[in-house]
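# Structural description and commentary
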Amino acid sequence: MNRLFCTTLVKYSPRNAILPSRAVQWPRTLATTASNRHANTESTTSEAQHYDIIIVGGGMVGTALACALGKNSRLQNKNILLLEAAAGFKQPSTEQYSNRVSAISKGTYRLMRTIGAWEEIERTRVKPVLKMQVWDACSDALITFNYDDFAENISWIVENDVLLASIYRQLEGVPNVRVRYSSKLASCELIRDGADRSTVRLADGETLKCDLLVGADGYNSLVRRQMGVQNFALAYNQMGVVATLRLANAPSDNVTAWQRFLPTGPIALLPLSDDTSSLVWSTGVAEAKRLLQLDGDSFIAAVNAAFHKPMPRNTLVDDVMKGVHSLIKQTTGQRLEAAPVVEAEVASSRAAFPLGLGHTSTYVGQGVCLIGDAAHRVHPLAGQGVNLGFGDVQTLVDVLADANYAGLGISNVSELLKYEQQRLKHNVPVLLTTHSLQRLYTTDFVPTVALRSIGLTLTNALPPVKKFLMNYAMS
C-alpha cells in the first residue's frame, strides 16, 4: 500500500502546450464514415485495427481526456479512438436549461481553458458562484464560503450538456482523435489475460487493439470488471431529485449557492441565471419517488418547505449552541440568510438518480487504466464527483506525456502507477470526507447533532480554516 500514497510533484512543463487548431485530415486507415466502417470490419477480421489509445466512454470525462491527449504537443504522434455507445452527439437545448449540472472547480476551469473549451462554455451558458451558504435544519449552525470582497468565484455552474458539447467542438480540430458512435463495448481482453495488446470487441463483432485502454465507462465499468480488481461499493439507499426552478424573489445577480442539511439528506439550490436555479435534493428512495409523483404546485410547496420550514429542535442542542455562540461572539456576527423562494418548475425537468459510493482497489494495470466514475464514485453533496474525474484527466495526460517524451511507452505499468499514486492522494480524502458528511448529516440523534453543530459553528468562526477547506475543495 505504501506505493499507492507516495508523493509525486506535478510541475508545469511544455507537455501542457496546446497545438493550434487544424482542419481534420484523417489518415485512410482512420476513415470515419459509417458506410465504410462495416466494410473495414470484414477486411480486418484477420488483423485487428490498431490504435495507440482507445478510450471507452464518451461522457464528459472520457471526451475531455480524448481532447486533452490529442492537443498535447508531446502526444501528437499518437492515434486516439473514443468509443461512445450512443447513436450520436445531442446538442444542448437553446430553449431551456438541462436538469443535470455540475459545480466546476478551479482545477476543472483550468483544464477547460487548456483544451480550449472554456470560451465555448462562456458563449453558451455558465453561471459563476461567488458565495455558498450551508446550514443545519436541526440547529442554528451555519457556514458560509466566499473570498474577501467577493474578488474570486468559488465555482461555476455549468449544465452537463453544455460542458460536453463544448469539449466535442474542440475535437473537430484535433486530427489524431477519432470519435465513433454506436460503438458499444461487448468485451475486452487485457495483457494480464494473455493478449499481446489490450483488445476490445464491439457489439457488432469488430475487434480493435491498442497500447493503452482507458476505461471511462462509468461506475458499472466493463473495463474495470475485466481488470479483475476489487471494487468497494456502497448504496446509500438515497436518490438525488433534480429539477430546474424559477425563483420568485431572487437577488438581482443570483450568485449564491444554498444548501440545507435535512435529517433525510441535503437539499441544494444552484444558480443558473438571475431568476433560475437548479435543484439537487438528496433523500430516501421512497420519498424521492413520492416527490416525482407530485403535481407541480405540490412539488414547489415541498421544495419551499424543505428550505424554509423550521424543523423540530432539541433543547439540549439549543443550550449547547448558546454556549458556543457566547464563546465566539466577538469573532462572528453572522446571521442566516433566507434562501430564495421558488415560484415555478420548468416543465419536464424533474428526475431522480440513485446515490452511492464506490472505489476500486487499483486504477491501473499493464496497458489499461481507469478514470472518473469507473475508478471512484462519491455523494454529490460537495459537488466533487465530476471534478475528481477531470482531475484524473489532467494527471493522466501529464504522466503519459512525460512517459512518451522519455521513450518509456504509454502502456508501462510503472509509469501508469504515477498517475494512480497522485490521484489516490486527492481522491481518497475527498471520498472519505463526503462519505463522513453523508453519515453525519442524515440523522437527528441528539449527541451527533450537537457535535456537528459545534464543529460547523467553530469552523465558520475561523476564516483561515474556511479558506483552506474552500481552496482544497475547489483546487
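Looking at an unreviewed UniProt entry, one finds the protein named Ubiquinone biosynthesis monooxygenase COQ6, mitochondrial and attributed to Anopheles coluzzii. Taken directly from UniProt, the Subcellular location (unreviewed entry) text for the protein runs: "Mitochondrion inner membrane". Per its UniProt entry, the protein bears the Cofactor (unreviewed entry) comment "FAD".

### A closer look at the nonpolar core
Ile54, Ile55, Met112 and Leu213 are the most contacted members of the largest nonpolar core, which totals 71 residues. In this view, leucine 213 contacts Ile54, Val56, Cys188, Leu190, Ser198, Val200, Val223, Gly367, Val368 and Cys369; residues no more than four positions away in its chain are not counted. Ranked by size, the runner-up nonpolar core spans 33 residues in total, among them Val129, Cys138, Phe145 and Leu456.

### Looking at the packing of helix H10 (residues 385-405) against helix H11 (residues 413-440)
Taken N-terminus to C-terminus, the directions of H10 and H11 make an angle of 160 degrees; their axes are 9 Å apart at the nearest point. Between H10 and H11, the angle falls in the class roughly antiparallel. Considering only the axes of H10 and H11, their crossing is right-handed. Here Leu388, Gly391, Asp392, Thr395, Leu396, Val399, Leu400 and Ala403 of H10 lie close against H11, whose contacting residues are Glu415, Leu416, Lys418, Tyr419, Gln422, Arg423, His426, Asn427 and Val430. Across the contact of H10 with H11, the residue classes break down as eight nonpolar, five polar and four charged.

### As for the environment of leucine 432
Along the chain, leucine 432 falls in helix H11. Residue class for leucine 432 comes out partly exposed when judged on its relative accessible area of 48%.

### Digging into the confidence of the model for the protein
Summary statistics for the protein give a mean pLDDT of 87 and a share of 88% for residues scoring 70 or more. Confidence over residues 1-46 falls short of pLDDT 50; this stretch has 70 contacts with residues more than four positions distant or in other chains.

### Considering a nonpolar patch on the surface
Side chains of Leu462, Val465, Phe468, Leu469 and Tyr472 sit close together on the surface and give an oily, nonpolar patch of about 450 Å² of accessible area. Note on placement: tyrosine 472 falls in helix H13 (residues 463-474). Assessed through its relative accessible area of 33%, tyrosine 472 is described here as partly exposed.

### Let's talk about the pattern of salt bridges
For side chains of opposite charge, pairing can occur when their charged atoms come near one another. Tallied over the entire structure, the rule returns 18 salt bridges. Beyond isolated ion pairs, a larger network of salt bridges with shared partners links Glu120, Arg123 and Arg169.

### Regarding the packing of aromatic side chains
Enumeration over the complete set of coordinates arrives at eight aromatic pairs. Ring centres 4.6 Å apart and planes at 10 degrees place the aromatic pair tyrosine 109 and tryptophan 156 in the stacked group. With tyrosine 109 in helix H3 (residues 106-114) and tryptophan 156 in strand E7 (residues 155-159), this pair connects stretches of sequence that are 47 residues apart. When its relative accessible area of 11% is taken as the criterion, tryptophan 156 is described as buried. Centroid distance tryptophan 118 to tryptophan 156: 5.7 Å. Interplanar angle 75 degrees. Geometry classified as edge-to-face. Of the two residues, tryptophan 118 is situated in helix H4 (residues 118-124) and tryptophan 156 in strand E7; the sequence distance between them amounts to 38 residues. Pair check on accessibility: tryptophan 118 and tryptophan 156 agree, each one buried. Members of the aromatic cluster, joined through ring pairs, are Tyr109, Trp118 and Trp156. Taking the ring centre of tyrosine 405 as reference, the NZ or CZ of arginine 74 above it sits at 3.9 Å.

### Some words on the pairing of strand E14 (residues 265-271)
Counting buried residues along E14, seven of its seven residues qualify, which places the element largely inside the surrounding structure. Linking strand E13 (residues 256-262) back to E14 in an antiparallel pair, the connection comprises two residues. Here five bridges tie E14 to strand E15 (residues 276-284), and the two strands are oriented antiparallel to one another. Across the sheet, alanine 268 pairs through a bridge with valine 280, a residue of E15. Two successive antiparallel strands, E14 and E15, enclose a turn made up of four residues.

Calculation notes
- Residues numbered from 1 in each chain as written.
- Predicted model: local features only at pLDDT ≥ 70, side-chain atom pairs only at ≥ 80, totals over all residues.
- Heavy atoms only, no water.
- UniProt positions renumbered as here; feature names shortened; annotations may be inferred.
- Core = buried A, V, L, I, M, F, W, Y, C linked by side-chain atoms within 4.5 Å.
- Buried < 20%, exposed > 50% of the residue type's maximum accessible area, 1.4 Å probe, protein only.
- Contact = heavy atoms within 4.5 Å.
- Axes fitted to C-alpha atoms, helices over the stretch in contact; angles between N-to-C directions.
- Helix = DSSP H or I, 4+ residues; strand = E, 2+ residues; numbered from the N terminus.
- Parallel < 35°, antiparallel > 145°, perpendicular 65-115°, else oblique.
- Left-handed = near helix turned anticlockwise from the far one by under 90°.
- Nonpolar A, V, L, I, M, F, W, Y, C, P; charged D, E, K, R; others polar.
- pLDDT = per-residue confidence, 0-100.
- Patch = residues over 30% accessible without salt bridge, like charges linked within 9 Å, V, L, I, M, F, W, Y side chains within 5 Å.
- Areas by Shrake-Rupley, 256 points an atom, 1.4 Å probe, with all protein chains shown as cover.
- Salt bridge = Lys/Arg side-chain N within 4 Å of Asp/Glu carboxyl O.
- Phe/Tyr/Trp six-rings, centres within 6.5 Å; stacked < 30°, edge-to-face > 60°.
- Lys NZ or Arg CZ within 6 Å of the ring centre and 35° of its normal.
- Pairing = 2+ DSSP bridges.

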